[in-house]
Amino acid sequence: YKAYIEAHNRSMDSSREYIKRLIPVAEQTKMVVALENVWNNFCVKPEIFKWMVASFQSPWIKAYFDVGNHVKYLTPPEVWIRQFGPLLAKVHIKDFKRSDRSWTALGEGDADFPTVMKALREIGYEGWFTCELPGGDEAYLKEVARRVDRIIAGENPAA
């Protein structure tokens, strides 16, 4: 793991350096810079990613959480959400099935959306959801909207 730790530390240092440069612009424009943790095996534990976001000590640097991306990791998405608390600025909703290592329709993968919504309510999240899904025809988009409505209601989206 030595090479991974060294690469992680280099990535952390360089990421933090570039993000620091954005803070004055964010303050001036009053726009939050929301950092998303993607599938590059960087900050694979919620406490590490939270530390990174919180380390800037700026209300303009927050987390952009992707539910589907975090199904990959051993810590369930709802634990990440609770860890972020008020540092959470935005949420991507998509689903992932570990056994197939594939993206699925909402509610057909391993994301436990009722538990995710419970965690979001616990931390007082009232922000937007962004669906990161493939495009489709009108019927597909209506089905996506139906499933998103069910997620927001705290229900299984595929039911």
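Residues numbered from 1 in each chain as written. Predicted model: local features only at pLDDT ≥ 70, side-chain atom pairs only at ≥ 80, totals over all residues. Heavy atoms only, no water.

Draft legend 1. Quick look at the pairing of strand 1 (residues 33–36). What you see with strand 1 is a clean split: Val33 and Leu35 sit on the buried side and Ala34 and Glu36 on the side with no burial. In this fold, the crossover linking strand 1 to strand 2 (residues 61–66) by way of helix 2 (residues 46–55) has right-handed handedness. (Buried < 20%, exposed > 50% of the residue type's maximum accessible area, 1.4 Å probe, protein only. Helix = DSSP H or I, 4+ residues; strand = E, 2+ residues; numbered from the N terminus. Right-handed = clockwise from strand over helix to strand, strands pointing away.)

Draft legend 2. Spotlight on the nonpolar core. Ranked by size, the top nonpolar core spans 38 residues in total, and within it Leu35, Phe49, Met52, Ile61, Val67, Leu88 and Leu120 carry the most contacts. It is helix 5 (residues 113–122) that contributes the most residues to this core, five residues altogether. (Core = buried A, V, L, I, M, F, W, Y, C linked by side-chain atoms within 4.5 Å.)

Draft legend 3. Region of the structure containing the sheet that holds strand 1. If you walk across this open sheet you meet the four strands as 1-2-3-6, and the pairing is parallel. On the outer flanks of this sheet lie strand 1 and strand 6 (129–131), each paired with one strand and no other. Strand-to-strand twist in this sheet, taken as the mean axis angle between neighbours without regard to direction, amounts to 30°. Pairing of strand 2 with strand 3 (residues 88–93), which is carried by four bridges, proceeds in the parallel orientation. (Pairing = 2+ DSSP bridges. Axes fitted to C-alpha atoms, helices over the stretch in contact; angles between N-to-C directions.)

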